[in-house]
Structures are given as C-alpha cells and as structure tokens.
Amino acid sequence: MTMATAGTLAFEEALERFDPALGLEVHVELGTASKMFCGCSTVFGAEPNTQVCPVCLGLPGAMPVVNASAVESAVRIGLALNCDIAEWCRFARKNYFYPDMPKNFQTSQYDEPIAFEGWLDVDVEGDTVRVEIERAHMEEDTGKSLHVGGATGRIHGADHSLVDYNRAGIPLIEIVTKPVMGTRGRAPLVARSYVAQLRDLLLGLGVSDVRMEQGSLRCDVNLSLSPAGSGTLGTRTETKNVNSLRSVERAVRYEVGRQAAVLVAGERVVQETRHWHEDTGVTTSGREKSDAEDYRYFPEPDLVPVAPARDWVERLRSQLPEPPRQRRARLQAEWGFSDLEMRDTVGAGALGLVEETVREGAAPAAARKWWLSELARRANEQGVEVTALPVTPAYVARVQALVDEGKVNDRLARQVLDGVLAGEGTPDEVVERRGLAVVSDDGALSEAVDRAIADHPDVAAKIRDGKVAAAGALIGAVMKQMRGQADAGRVRELVLERLT
Ligand SMILES: [Zn+2]
C-alpha cells in the first residue's frame, strides 16, 4: 500500500524541477459484426448475457477461430500509423484472473504484435509533435462487472456484483506509444491532442465508432517524472480508463503535480495502476503493477499464426483514406477557417462533427459556431465531450437551416437545441411542440406594433421626425411583447411603414 501523504505541487512549480514523460495506451474496440474468436454479435446495449457462446464464455473444449475482418482492421490501423506489419505473428495467452474474464486468460499478443515501430504526427498549438508508436496488437475485450449497492459503483462498498459477458471477446486493438519526452508544460495538451487525432484517424479508417463515453475507445495514461534536463525516465504510474479527451489532459496535469510532490518530499513514486476520478479530478492508488512476466504469457495453442500476405498488405495500404493531417489541411482550405479556428475545432474534438454538419448542408462557419460555442459550453457544463451530447450533425444542420429560413432566430434556435438535448425529438418536432416558430404573420405583428407605438409616443415622434435609428426601441418593445418570437426584420418594416 502507498500512503497518499504528499499532496500535489503546482504544475508550474513541478515543471521547474522535473521533466514529464508520457506514454499512452489506447484500446479501441473494433466495429466488426462479430467477436474476435467466435460468431457472437457485438452490438452495443443488448440485454446482458444474450450475446455469448461456449467460445467467449471460455467453456472447456470450445475452439476459437480468428475473425479475418478484425485482422484486416488491425493491419489497416498499423499501416495508417506508419507501422511495420509483421510477416508472421501469433496470439498469446495473458494469464490472470478477473470475474469478467471467464477463460482466466486473455487472448492477446505479446512479443509478436501484428504492427510495430510506427508514428503519428500530432498537431499541437500549430506545431507538430511526432509521437512514436511502439506497437499495435490484437486482443479481446473482457466482460463487464457491475457493482451494485455502493455509492461509487466500485467494488468497495458494494452489496453484490453482476457480470455481463456480452463484451467478452469483442476485438480490441491496443495501441501503445513509446515514451513521449521533451513536451514539458505541453504534456497534458500533447496527450489530449494525440488521443483526439488518433480518434480522428480511427474514425477515418471506419474501423470503430470510437465513442469514448461508451468505452469503444479507452485510454490509459502512463506518466513519469525525471529531474529536469536529465533525459532519463523515472518510475511511471498508469492511470486506467481515462475516458474523455478532457480527462486525459486533466489526468496528466494531476499526475505531474502529485508525483512532483512525492519526489520533493524525498519519497519514491510507486509503480502502480491508478484510478481516475472524473468528479474530483484526482487519481488514487490502484494495484501495484506487475511486470509483464507475471502474466505467464505463452503462445496460444488453439489458434494458427497470422501471416498477412505482402500483396494483401500493399493493397490495403493503397486503399487507406487520406491521412488526418492532409485531411485537416484540405478541410481548412475548403472551409476558409483561420489557423486558430481550425486549431480550436480540432482541439475540441469537433472536426468530424463540423465536417458532418457541413455535409448535411450547413455553412462551415455556422457549423463551427454551434459545435464550438453553444454545444461545447453545454458539454462542458455536463462534463462530457461534445461527441457525447445527444444531438447529431444532421440536427445541428437542421437548426441552422431553420435560422436561415427565418423560422427561428438565434435565441429560439438555442431553445430548439435545449429541446433536442432534452430528448424532445427532432428540431422540427421541438419547434412544433414548444411553439418556438418566429411569428412573421402580419396580423399578430401589426397588433403588437400598434401597441408599441401607442405605449411609446415619444419614440414614435422621433421616428416621424426622421430619426429612424430610434426604431430599435420600438422593435425591442415588440420583441418583448412577443417573447422574442417575432421576425425582427418584418417588425422593423412594419414600424417604418407606419411612421415614415
Ligand atoms: Zn461467442
């Protein structure tokens, strides 16, 4: 056990004395129709334990078969990350016990990963940071434990636990970076940017839906500190399952401060896994991390080796989509965004959302405005990523179309989004149900204009005298009467018709 005694050091102070080194392990659930070694469905959200069979339940005598489509995805991911693709590799048994892993071993890869020695160039505040990839290997997911009765959902304090094996055996690719050094104070942002841009890359490959909030992309953050300028690597911790971009950044920042405080106090950083607490923004001690040998890896005897034919690999390489950096440059040119606008869009993890919204018919600037201001603010309030909000690019495009058509103004459009986010249906349904459409019907507007003129004779007199600028006060009065739901342009016309 470790004692959490030292607290944390301010981030800037920590950097004066130490250099952070990052390592990121990203698990991505592939979007294959069936599991890694059996034919069970992988659809998310099914009734517990309905997508299982003897293979993924690890029943004695069940024989696994490799999912060819998962291998293809693994090779494509490896190629997109500029990796070498193994000519021949095997699966290995990683032996450990978890109640949600019925075989008591995970079929993974050990010293023979399918892809290795690659890199991803990551844009960080206008600079490029090359993150080297150590390996990308194939493995299977575990089931899911649900701890019931406690306050935290963790096993401590729970009354009982339930296990759902639907996820057991879903294909995973684990992508492991080499230590990323020399990032100094940008370490938190580099970590976040790497995960965001890796997510974009995977999305572009179409291999996964990469939904962090559903766990189809999960990130473990390794962090260590070494004395500033020493160029060495200190003892690392591994913070598990940091499942939003914002949390990746926060977890790195927190661990820098925590480890610095430990070292300054003359103590030793313990090599361990740590839990990330989204609500409080801290990590707490998990288990002391065993070295790889403790897992008693050995080659999986029930599966044949995987030997991707070279001409097949080259064919897959030639069919890769546009690399993310080129795509970003192209989109920036197409959309006419400034460097800063583009950087903000990418940094918010909203590039794909904006692209999709533009494809649904919105102007790029409008798409960016909705996602980066209104929706980003709401996501932030809820502590989730914009991608996790229950609003689709098609809905955002429709909201903007309603504005463009004059059916709602900006203020009403935000209320339409409120309704969509509250699950009240499509934008049009929300407009209908909440009665949000702008009133441009002359009958109702004329009445309101007449009343405003009667209520403000002084303003009306000014306008009659030629001070047209004073019309704003009357328009404001009409808008107030109509609770904002008036077509301001039409109101202005009606005011001027009467008084000039
Ligand atoms: Zn199965």
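Quick look at the structure, then. (Residues numbered from 1 in each chain as written. Predicted model: local features only at pLDDT ≥ 70, side-chain atom pairs only at ≥ 80, totals over all residues. Heavy atoms only, no water.)

### Digging into the overall build of the protein chain
Of regular secondary structure, the protein chain possesses 16 helices and 14 strands. Along the longest, intermediate and shortest principal axes, the C-alpha atoms of the protein chain span 90 × 55 × 50 Å. Taken across its 500 residues, the protein chain has 48% of its residues classed as buried. Considering only contacts in the protein chain between residues 6 or more positions apart, those separated by 24 or more positions represent 69%. Surface exposure of the protein chain reaches about 23,100 Å², of which carbon and sulfur atoms provide 51%. (Helix = DSSP H or I, 4+ residues; strand = E, 2+ residues; numbered from the N terminus. Buried < 20%, exposed > 50% of the residue type's maximum accessible area, 1.4 Å probe, protein only. Contact = heavy atoms within 4.5 Å. Areas by Shrake-Rupley, 256 points an atom, 1.4 Å probe, with all protein chains shown as cover.)

### Description of the pairing of strand 3 (residues 92-95)
As defined by bridge partners, strand 3 adjoins strand 4 (residues 105-108) across four bridges and the pair is classed as antiparallel. Its bridge partner lying in strand 4, Lys94 is registered against Gln106. (Pairing = 2+ DSSP bridges.)

### Description of the side chain of Asp141
Within the element layout of this structure, Asp141 appears in the loop between strand 6 (127-140) and strand 7 (144-148). At 2.8 Å, the side chain of Asp141 and the side chain of Arg218 are in polar contact. Excluding its chain neighbours within four sequence positions, the residues that come into contact with Asp141 are Glu29, Arg167, Ala168, Gly169, Ile170, Leu172 and Arg218. (Polar contact = N/O pair within 3.5 Å; in protein donor to acceptor, adjacent residues only side chain to side chain.)

### Considerations on the pattern of salt bridges
Enumeration over the complete set of coordinates arrives at 44 salt bridges. The partner of Arg325 in a salt bridge is Asp123, and the shortest N-O contact between them spans 3.4 Å. Of the two residues, Arg325 is situated in helix 6 (residues 324-335) and Asp123 in strand 5 (residues 115-124); the sequence distance between them amounts to 202 residues. Between Arg498 and Asp450 there is a salt bridge whose closest N-O contact spans 2.6 Å. Residue Arg498 is found in helix 16 (residues 488-499), and its partner Asp450 is found in helix 13 (residues 442-455); the two are separated by 48 residues along the sequence. The class of Arg498 is partly exposed, set by a relative accessible area of 32%. Among the ionic contacts, a cluster of salt bridges with common partners joins Asp121, Asp123, Arg130, Arg325 and Arg328. (Salt bridge = Lys/Arg side-chain N within 4 Å of Asp/Glu carboxyl O.)

### Digging into the sheet that holds strand 10 (residues 217-227)
What holds strands together in a sheet is hydrogen bonding between their backbones, with the strands either parallel or antiparallel. The sheet built from nine strands is open, its strands ordered 2-5-6-9-1-10-11-12-13 with mixed pairing. Of all the strands in the sheet, just strand 2 (84-85) and strand 13 (282-288) have a single pairing partner and so form its edges. Relative to strand 5, strand 2 is paired through two bridges, and the arrangement is antiparallel. In the strand pairing of strand 5, Asp84 is matched with Phe116. Here helix 3 (residues 187-205) sits on the sheet in contact with strand 1 (18-29), strand 5, strand 6, strand 9 (171-177) and strand 10, set at roughly 115° to strand 5. (Axes fitted to C-alpha atoms, helices over the stretch in contact; angles between N-to-C directions.)

### Some details on the pairing of strand 10
The buried fraction of strand 10 is high, at ten of eleven residues. Direction of pairing for strand 1 relative to strand 10: antiparallel, over a ladder of eleven bridges. Bridging from a neighbouring strand, Gly23 pairs with Asn222 of strand 10. Pairing between strand 10 and strand 11 (residues 237-240): three bridges, direction antiparallel. Paired with Asn222 across the two strands is Glu238, which belongs to strand 11.

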